[in-house]
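Structure at a glance
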Amino acid sequence: MNVTIVRAMDILDLFIVHPKLSLTEIIQLSGRPKTSTLRILQSFETIGFLERDNNGDYSLGLKILQLGHLVSERLDINQIAMPTMEELYQKTGKTIMLSLLQGDKVITVASLETEHPIKIGSSIGRQTPLYAGSPARIILAFQPEKKQIAYLDSISLQKLASNTITDKDKLCEVLKNNVKDQYVLSHSEVNDHTTGLSAPIFNHKNEAFAAITIAGITADFTEKEIPKLIEEVQAAAFAISSKFGYHGTF
């Protein structure tokens, strides 16, 4: 165990009870020497975990508040979405993924894996760029136009797998079709020989902030079953969206 980190976290824990503390108060409450306490506080201030006001008092910084909000958001969506994910898993027998928009990437926050011996890269915590793969692309498709343009202007489209879209004009056309369809069916965009079928999850502001996906090895998806799977994933997305106050239609 790293003793320095433990001591630093002991100081950070003081702010669970006290919204604002002076240096003297922190030293008294923590029982740490002034020199080491000040060094820890300066480190936390540098990385944004703490901030100091004009009087020199410390409080939780924006960075740690953002992290706390993100954790809360993930926990909430996992708890809300899991019953629907489990139902979709039982109906389809395929891997079900829940993905969340995080900055200019999409992160997998929950996954129900099949027993298939070949894994498809659906591990929790995995991040993908917004332009590649069905969950990322369906979320990008429903972002405001200005946000889409700003994002596409800021990046170069890298080839991640055999079918990754690397032409921006083509991607813009595909995104328009994704909005009309209200789903994305992708093959080999992030990993070769894998397929993803995703629908967007909206909140009460009609913002697409997440996606639910049926995923698997491409060979396990037949043309005959695709229409039914589209219906299932859209129904699941609508069910989750409704729990977040969404009143639109699919």
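Each remark here, short or long, concerns the structure printed above.
Computed from a prediction, not measured in an experiment: that's the story for all the values here. (Residues numbered from 1 in each chain as written. Predicted model: local features only at pLDDT ≥ 70, side-chain atom pairs only at ≥ 80, totals over all residues. Heavy atoms only, no water.)

Remarks on the environment of Ala210
Note the following rule: Starting at the N terminus, helices and strands are each numbered in turn, a helix being any DSSP run of H or I of at least four residues and a strand any DSSP run of E of at least two. When accessible area is computed with a 1.4 Å probe and restricted to protein chains, residues below 20% of their type maximum are described as buried, those above 50% as exposed, and intermediate ones as partly exposed. The criterion used for residue contact is that any of the two residues' heavy atoms lie within 4.5 Å.
The topology assignment puts Ala210 in strand S8 (residues 208–217). The class for Ala210 is buried, based on a relative accessible area of 0%. In the structure, Ala210 is positioned 150 residues away from Leu60 in sequence and 28 Å away in space, judged by C-alpha atoms. Excluding anything up to four places from it in sequence, Ala210 contacts Ile77, Ser99, Leu100, Ile139, Ala199, Pro200 and Ile201.

Brief notes about empty space enclosed by the protein
Once rolled over the atoms, a probe with the size of a water molecule shows which space is left empty. In plain terms, the rule: Using only the protein atoms, space was sampled on a 1 Å grid; points where a 1.4 Å probe fits but cannot get out form cavities, open sets with protein on both sides within 12 Å along at least five of seven lines form pockets, and lining residues are those with an atom within 4 Å of a point. Grid points are joined across faces, edges and corners, and a volume is the space filled by probe spheres set on the points. Throughout this entry, Asp, Glu, Lys and Arg are counted as charged residues, while Ala, Val, Leu, Ile, Met, Phe, Trp, Tyr, Cys and Pro are counted as nonpolar. The remaining residues, Gly among them, count as polar.
Applying the stated criterion to the full structure yields one cavity of 30 Å³ or more. Approximately 280 Å³ is the volume found for the largest cavity. Along its surface, the largest cavity is lined by 25 residues, and Met97, Arg126, Gly133, Pro135 and Val190 are the ones closest to its centre. Elements that contribute at least two residues to the lining of the largest cavity include exactly strand S3 (95–102), strand S4 (105–112), helix H5 (134–141), strand S6 (184–187), strand S7 (194–202) and S8. Its residues assigned to classes, the lining of the largest cavity comprises eight nonpolar, 15 polar and two charged.

Points about the environment of Gln102
Here Gln102 is to be found in strand S3. Taking the C-alpha atoms as reference points, Gln102 and Gln66, 36 residues apart in sequence, are found 11 Å from one another.

Digging into the pairing of S7
In plain terms, the rule: By definition, two strands form a pair when at least two bridges between them are found by DSSP.
Extensive coverage of S7 is indicated by the burial of nine of its nine residues. Bridge count between S6 and S7: four bridges; the pairing is antiparallel. In the strand pairing of S7, Ser186 is matched with Gly196. As consecutive antiparallel partners, S6 and S7 are separated by six residues, and within that stretch Ser188 has a phi angle of approximately 55°, a positive value. Two strands pair when backbone bridges link them, and S7 and S8 are joined in this way by nine bridges, in the antiparallel orientation. Note that in S8 the partner of Ile201 across the bridge is Ala210. Where S7 folds back on S8, the antiparallel hairpin that results is connected by five residues, among which Asn206 adopts a positive phi of roughly 60°.

Things to note about the sheet that holds S8
As a reminder of what qualifies: Note on definitions: angles span 0 to 180 degrees between N-to-C directions of axes, and those axes are lines fitted to C-alpha atoms, for helices only across the stretch in contact.
Taken together, the six strands give an open sheet; going across it, the order is S5-S4-S3-S8-S7-S6, and neighbouring strands pair in antiparallel fashion. Of all strands in the sheet, those bounded by a partner on one side alone are strand S5 (127–129) and S6. Neighbour-to-neighbour, the strand axes of this sheet turn through a mean angle of 30°, independent of strand direction. Bridge analysis of S3 against S8 gives six bridges, and the strand direction is antiparallel. The residue bridging Thr95 from the neighbouring strand is Ala215, located in S8.

A few points about the layout of surface pockets
Estimated volume of the second largest pocket: approximately 180 Å³. In terms of lining residues, the second largest pocket is bounded by Ala141, Glu145, Gln148, Ile149, Leu152, Cys172, Leu175 and Lys176. Contributing elements (two or more residues each) for the lining of the second largest pocket: helix H6 (145–154) and helix H7 (168–181). Per-element tally for the lining of the second largest pocket: the top contributor is H6, with four residues.

Let's talk about the nonpolar core
Quick reminder of the rule: We call a set of buried residues a nonpolar core when its members are Ala, Val, Leu, Ile, Met, Phe, Trp, Tyr or Cys and they connect through side-chain atoms within 4.5 Å of each other.
Ile77, Met85, Leu98, Ile201, Ile212 and Ile214 are the most contacted members of the largest nonpolar core, which has 27 residues in total. Secondary structure elements with two or more residues in this core: helix H4 (62–92), S3, S4, S7, S8 and helix H8 (226–243). Among the elements that make up this core, the one with the highest residue count is H8 (seven residues). With residues near it in sequence (within four places) discarded, Ile212 still touches Met85, Leu88, Ile96, Met97, Leu197, Ser198, Ala199, Ile201, Val233, Ala236, Ala237 and Ile240. By size, the runner-up hydrophobic cluster in this structure holds 25 residues, among which are Leu101, Ala141, Phe142 and Leu171.

Let's talk about the packing of aromatic side chains
The following threshold applies: For Phe, Tyr and Trp, where Trp contributes only its six-membered ring, two rings pair if their centres lie within 6.5 Å, and the inter-plane angle classes them as stacked under 30 degrees, edge-to-face over 60, or tilted in between. Criterion for a charge above a ring: Lys NZ or Arg CZ within 6 Å of the ring centre, and within 35 degrees of the ring normal.
Taken as a whole and assessed by the stated rule, the structure comprises five aromatic pairs. Considering the side-chain rings of Phe202 and Tyr246, the 4.8 Å spacing of their centres and the 20° angle between planes classify their relative orientation as stacked. Taken together, the positions of Phe202 in strand S7 and Tyr246 in the segment after H8 put the pair 44 residues apart, joining distant regions of the chain. Given the relative accessible area of 9%, Tyr246 is considered buried. Ring geometry for Phe238 against Tyr246: centres 6.5 Å apart, planes inclined by 80°, an arrangement best described as edge-to-face. Accessibility expressed as a relative area gives 33% for Phe238, which makes it partly exposed. Aromatic rings pair up to connect Phe142, Phe202, Phe238 and Tyr246 into one cluster. When the ring centre of Phe221 is taken as reference, the NZ or CZ atom of Lys94 above it lies at 4.6 Å.

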